[in-house]
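Okay, here's what each chain looks like letter by letter:
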Amino acid sequence: MEAEGLDWLLVPLHQLVSWGAAGAMVFGGVVPYIPQYRDIRRTQNAEGFSTYVCLVLLVANILRILFWFGRHFESPLLWQSVIMIMTMLLMLKLCTEVRTANELNLKRRVFAGPGWARGVHEQRWDASCAQPMLLFGGSKAADNKDEEVKAPPRRSYLDFDPHHFWHWSSFGDYVQCVLAFTGVAGYVTYLSIDSALFVETLGFLAVLTEAMLGLPQLYRNQRLRSTEGMSIKMVLMWTSGDTFKTAYFLLNGAPLQFSVCGLLQVLVDLAILGQAYAFARHPPKPAPHTAHPASAKAL
């Protein structure tokens, strides 16, 4: 009788908790990227964040959405994929704009070096009689040179250059690549949707790709021997979220591949945190007179 009398309270409370859990599932995955996004906007430096993380998540979530057409799963997981794709596109847009602006500023600084200024100064004193003409000519030359440095070498998706893959000059190139991949994968899925083996393989690839999330960041940190520019908050949120997700898989008897991929994600997260600790204790010696020419190739 008491339980029945409390139904008016327990039923709405249960519904509220369900909505809260669904909301956390939909938006919880993008929370770790908020501090990284804010750090990039504040510092105007995207070198510490590997854009290949965006590539991994875009591929994983596109495959997960296609998997939904073959085997329906919970709606919050579907909407989580949609929100994550939008978030990764925003991250790519910011990183591309910051990187392009930094490349342009670097070229301007190299062009406006002391040697060029000294040459103009010598011309002014060595040819005083032609001062107006030289100054005018120098100004025009400077303008022409300035026009040249305003256009860094453009790397386009349509160049099909493997050396510059996922490191293009325009955000539109990333969008074209994502749309092309979605179109091809969607067409293959449409043709093979009746095959149970294909559908299960598609779901496994989606989960496995997401499990590789931290590897680009791990590789980038190891290559540069530094975690500078990487948000520790983001990695801590990765670790806590992946630990919770893996425990959920284990406790609820999820398929084996889910649990294995979850454990792999936790191990990669811990490895990245280990890198942050190790490189903070033993930072690499800064190389003198380096203008970071390879910064444009940072993952």
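Criteria and thresholds
- Along each chain, the written sequence defines residue order, and numbers are assigned to residues from 1.
- In view of the model being predicted, local features appear only for residues whose pLDDT reaches at least 70, and side-chain atom pairs are presented and counted only at 80 or more, with totals across whole chains, interfaces and linings using the full set of residues.
- Calculated side-chain values reflect all of the structure's heavy atoms, with hydrogen atoms and water omitted.
- In the sections that follow, a salt bridge refers to a side-chain nitrogen of Lys or Arg positioned within 4 Å of a carboxyl oxygen of Asp or Glu.
- Where helices and strands are cited, they refer to DSSP runs of H or I of at least four residues and of E of at least two residues respectively, numbered from the N terminus.
- Exposed residues in this analysis have more than 50% of their type's maximum accessible area, buried residues have under 20%, and partly exposed residues fall in between, with area computed by a 1.4 Å probe over protein chains only.
- UniProt positions are given in the numbering used here, feature names are shortened, and annotations may be inferred rather than shown by experiment.
- Put simply, a disulfide is two cysteine sulfurs that come within 2.5 Å.
- Any pair of Phe, Tyr and Trp rings, taking the six-membered ring for Trp, is counted once the centres come within 6.5 Å. Such a pair is stacked with planes under 30 degrees apart, edge-to-face with planes over 60 apart, and tilted for the rest.
- Grouping buried Ala, Val, Leu, Ile, Met, Phe, Trp, Tyr and Cys residues that are joined through side-chain atoms within 4.5 Å yields what is termed a nonpolar core.
- In the analysis that follows, any N or O atom pair within 3.5 Å is treated as a polar contact, provided that within protein one partner can donate a hydrogen and the other can accept it, and provided that, for residues neighboring in sequence, both atoms belong to side chains.
- The contact definition used throughout considers only heavy atoms, calling two residues in contact when any of these lie within 4.5 Å.
- For patches, a residue must show more than 30% relative accessible area and have no salt bridge; joins then use 9 Å for like charges and 5 Å for nonpolar side chains, namely Val, Leu, Ile, Met, Phe, Trp and Tyr.
- Residue-level accessible areas treat just the shown protein chains as cover; the underlying method is Shrake-Rupley with a 1.4 Å probe.
- A fitted line through C-alpha atoms represents every axis, and for helices the fit uses only the stretch in contact; the resulting angles, taken between N-to-C directions, go from 0 to 180 degrees.
- Reported orientations rely on four angle classes, namely roughly parallel under 35 degrees, roughly antiparallel over 145, roughly perpendicular from 65 to 115, and oblique for the rest.
- Helix crossings are classified by the rotation of the near helix relative to the far one: an anticlockwise turn of less than a right angle makes the crossing left-handed, while a clockwise turn makes it right-handed.
- In this count, Pro and Cys sit with the nonpolar residues alongside Ala, Val, Leu, Ile, Met, Phe, Trp and Tyr, while Asp, Glu, Lys and Arg are called charged and the others, Gly among them, polar.

**Looking at the pattern of salt bridges**
For the coordinates displayed, the defined rule picks out 4 salt bridges. A salt bridge links D39 to R42; its shortest N-O distance comes to 3.4 Å. Of this pair, D39 and R42 are both found in helix α3 (residues 33–43), 3 residues apart, which corresponds to roughly one turn of the helix. Given a relative accessible area of 23%, D39 falls into the partly exposed group. With a relative accessible area of 63%, R42 lands in the exposed category.

**Some details on the UniProt feature "transmembrane region" (unreviewed entry) in the protein**
According to UniProt, the positions carrying the feature "transmembrane region" (unreviewed entry) are residues 16–37 and 49–71. Along residues 49–71 one finds 83% helix and 0% strand; the C-alpha atoms at either end are 34 Å apart.

**Concerning the state of the cysteines**
Following the criterion strictly, the structure yields 0 disulfides and no others. Note on C54: no disulfide assigned, nearest cysteine sulfur contributed by C95 at a separation of 6.0 Å. A relative accessible area of 0% places C54 in the buried class.

**Quick word on unusual backbone geometry**
Even without being a glycine, W166 presents a positive backbone phi close to 60°. Here W166 lies in the loop between α7 (131–149) and α8 (171–192). The phi angle at R225 is positive, at roughly 55°, despite the residue not being glycine.

**A closer look at the packing of aromatic side chains**
Following the criterion strictly, the structure yields 7 aromatic pairs and no others. Note on F165 and W168: the rings are 5.6 Å apart at their centroids and 90° apart in plane angle, and the pair reads as edge-to-face. Taking relative accessible area as the criterion, W168 reaches 3% and is therefore assigned buried. On the numbers, 5.7 Å between centres and 70° between planes, the contact of W166 with W168 is edge-to-face. Of the two residues, W166 and W168, both sit in the buried class.

**Describing the nonpolar core**
Judged by nonpolar contacts, the single largest core of 44 residues is most densely connected at Y33, I40, F49, M88, W166 and W238. Where this core is concerned, the elements lending two or more residues are α3, α4 (52–70), α5 (75–111), α8, α9 (196–211), α11 (232–251) and α12 (256–281).

**Focus on the environment of Y52**
Looking at where Y52 falls in the secondary structure, it is placed in helix α4. Spatially, the C-alpha atom of Y52 lies 9.6 Å from that of L92, the residues being 40 residues apart in sequence. One polar contact links the side chain of Y52 to the main-chain carbonyl oxygen of F165, over a distance of 2.9 Å.

**Some details on the side chain of R64**
Mapping R64 onto the fold places it in helix α4. Classification of R64 by relative accessible area gives buried; the value is 14%. Of note is the side chain of R64, whose polar atom sits 2.9 Å from the side chain of E210. Apart from the residues lying within four places of it in its own chain, the contact partners of R64 are F73, L77, Q80, S81, A206 and E210.

**Observations concerning the side chain of T246**
You can see T246 is positioned in helix α11. In terms of polar contacts, T246 uses its side chain to reach the backbone carbonyl oxygen of D242, at 2.7 Å. Not counting the four nearest positions on each side in its chain, T246 is found in contact with S259, G262, L263 and V266.

**Considering a nonpolar patch on the surface**
Together, L10, L13, L16, V17 and W19 make up a nonpolar patch on the protein surface, roughly 540 Å² of accessible area in all. Given a relative accessible area of 45%, L10 falls into the partly exposed group.

**Concerning the packing of α4 against α8**
Contact geometry of α4 with α8 gives a least axis separation of 10 Å together with a crossing angle of 30°. With respect to their mutual orientation, α4 and α8 come out roughly parallel. Of the two possible hands of crossing, α4 and α8 adopt the one that is right-handed. Where α4 approaches α8, its residues L58, V59, I62, L63 and L66 are matched on the opposing element by V178, F181, T182, A185, G186 and T189. Looking at side-chain class alone, the contact of α4 with α8 contains 8 nonpolar, 3 polar and no charged residues.

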